[in-house]
Amino acid sequence: MSLTHWKRALALGFLSWLLPFLFSFLVFPLKKTNAPLFSTVMYLVLILVAAPLRDRYFRDSAAPRAGEAALLGFLWLAINLAMDYPMFAYGPMKMTAGRYYSEIGAAYLLYPVFLILSVRTAFRRPQAI
């Protein structure tokens, strides 16, 4: 299985990182007053971003395959981790790797999980009763 549209996958992967990153600045004050709520809001933002980006990627596909969705999700996961790395390893929000993955990095696993499950569910053939 391969990605049908590499350029589109990469561009949308960048957006899968940029849009939540920009939104996080709007709600960042919430992190100091209610960190669990901030985390929940950011998880929801990841899903709200993933759905239209998934639709955009698969816009030419009559029946997207779960394998392609998995590759796309893991590509987006890798892009998000790579884009975060300079800021969280060296930049203004310096964190240890353990802290980064437990607070932020693990959330990006939502991309492959959401993409695989949503494609499987949306394009599942109805079974005869």
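Please refer to the structure higher up on the page.
As the structure is a computational prediction, the values presented were derived from the model and not from experiment. (Residues numbered from 1 in each chain as written. Predicted model: local features only at pLDDT ≥ 70, side-chain atom pairs only at ≥ 80, totals over all residues. Heavy atoms only, no water.)

Under the criterion given, the structure shown has five salt bridges. Asp 60 is the salt-bridge partner of Arg 8, the closest N and O atoms lying 3.0 Å from each other. Of the two residues, Arg 8 sits in helix H1 (residues 6–33) while Asp 60 sits in the loop between helix H2 (35–57) and helix H3 (66–90), which places them 52 residues apart along the sequence. Salt bridges here are not isolated pairs; linked through shared partners, they connect Arg 8, Arg 59 and Asp 60. (Salt bridge = Lys/Arg side-chain N within 4 Å of Asp/Glu carboxyl O. Helix = DSSP H or I, 4+ residues; strand = E, 2+ residues; numbered from the N terminus.)

Turning our eyes to something else, we now look at the packing of aromatic side chains. Think of a pair of aromatic rings as described by two things: how far the centres are apart, and how the planes are tilted against each other in angle. The final tally for this structure, using the stated rule, is 10 aromatic pairs. Between Trp 17 and Phe 21, the ring centres sit 4.8 Å apart and the planes meet at 15°, which makes this aromatic pair stacked. Placement of the pair is Trp 17 and Phe 21 together in helix H1, with a separation of four residues, close to one helical turn. Take Trp 17 and Phe 21: they sit in the same class, and that class is buried. Ring geometry for Phe 88 against Tyr 100: centres 5.3 Å apart, planes inclined by 35°, an arrangement best described as tilted. Here Phe 88 is found in helix H3, whereas its partner Tyr 100 is found in helix H4 (residues 97–103), with 12 residues between them in sequence. Judged by its relative accessible area of 9%, Phe 88 is buried. Tyr 100 sits in the buried class, given a relative accessible area of 6%. (Phe/Tyr/Trp six-rings, centres within 6.5 Å; stacked < 30°, edge-to-face > 60°. Buried < 20%, exposed > 50% of the residue type's maximum accessible area, 1.4 Å probe, protein only.)

Its 23 residues give H2 an end-to-end C-alpha distance of 33 Å, which sits within 8% of 33 Å, the value for a rise of 1.5 Å per residue. Taken together, the buried positions of H2 are occupied by Phe 38, Met 42, Val 45, Leu 46, Val 49, Ala 50, Leu 53, Arg 54 and Tyr 57. If you follow the buried residues of H2, they end up packed against H1, H3 and helix H5 (110–122). (Expected span 1.5 Å × (residues − 1). Contact = heavy atoms within 4.5 Å.)

Let us now look at the side chain of Ser 118. Take Ser 118: it is sitting in helix H5. Within the structure, Ser 118 has its side chain in polar contact with the side chain of Arg 54 (distance 2.9 Å). Engagement of the side chain of Ser 118 in a polar contact is seen with the backbone oxygen of Leu 115, the distance being 3.3 Å. (Polar contact = N/O pair within 3.5 Å; in protein donor to acceptor, adjacent residues only side chain to side chain.)

Here H5 spans 17 Å end to end across 13 residues, near enough to the 18 Å set by a 1.5 Å rise per residue. If you check which residues of H5 are buried, you get Tyr 111, Pro 112, Phe 114, Leu 115, Ser 118 and Val 119. Angular distribution of buried residues about the axis of H5 spans 170°; they occupy a single face of the element. Those residues of H5 hidden inside the fold are in contact with H1, H2 and H3. (Arc of directions from axis to C-beta.)

Before going further, it helps to spend a moment on the nonpolar core. Counting residues in each nonpolar core, the largest one holds 28 residues, and the members touching the most others are Tyr 57, Leu 72, Trp 76, Tyr 108 and Tyr 111. Of all the elements in the fold, those that place two or more residues in this core are H1, H2, H3 and H5. For this core, the element with the highest residue contribution is H3, accounting for eight residues. Other than its neighbours up to four places away in sequence, Leu 72 contacts Leu 3, Ala 9, Tyr 57, Phe 58 and Leu 115. (Core = buried A, V, L, I, M, F, W, Y, C linked by side-chain atoms within 4.5 Å.)

At a closest axis distance of 7 Å, the pairing of H3 and H5 adopts a crossing angle of 160°. Relative to H5, the element H3 is oriented roughly antiparallel. Considering how the two elements wind past one another, H3 and H5 form a crossing that is right-handed. Within the contact between the two elements, H3 uses Ala 66, Ala 69, Ala 70, Leu 72, Gly 73, Phe 74, Trp 76, Leu 77 and Asn 80 and H5 uses Tyr 111, Pro 112, Leu 115, Ile 116, Val 119 and Arg 120. Per-class residue counts for the contact of H3 with H5 are 12 nonpolar, two polar and one charged. (Axes fitted to C-alpha atoms, helices over the stretch in contact; angles between N-to-C directions. Parallel < 35°, antiparallel > 145°, perpendicular 65-115°, else oblique. Left-handed = near helix turned anticlockwise from the far one by under 90°. Nonpolar A, V, L, I, M, F, W, Y, C, P; charged D, E, K, R; others polar.)

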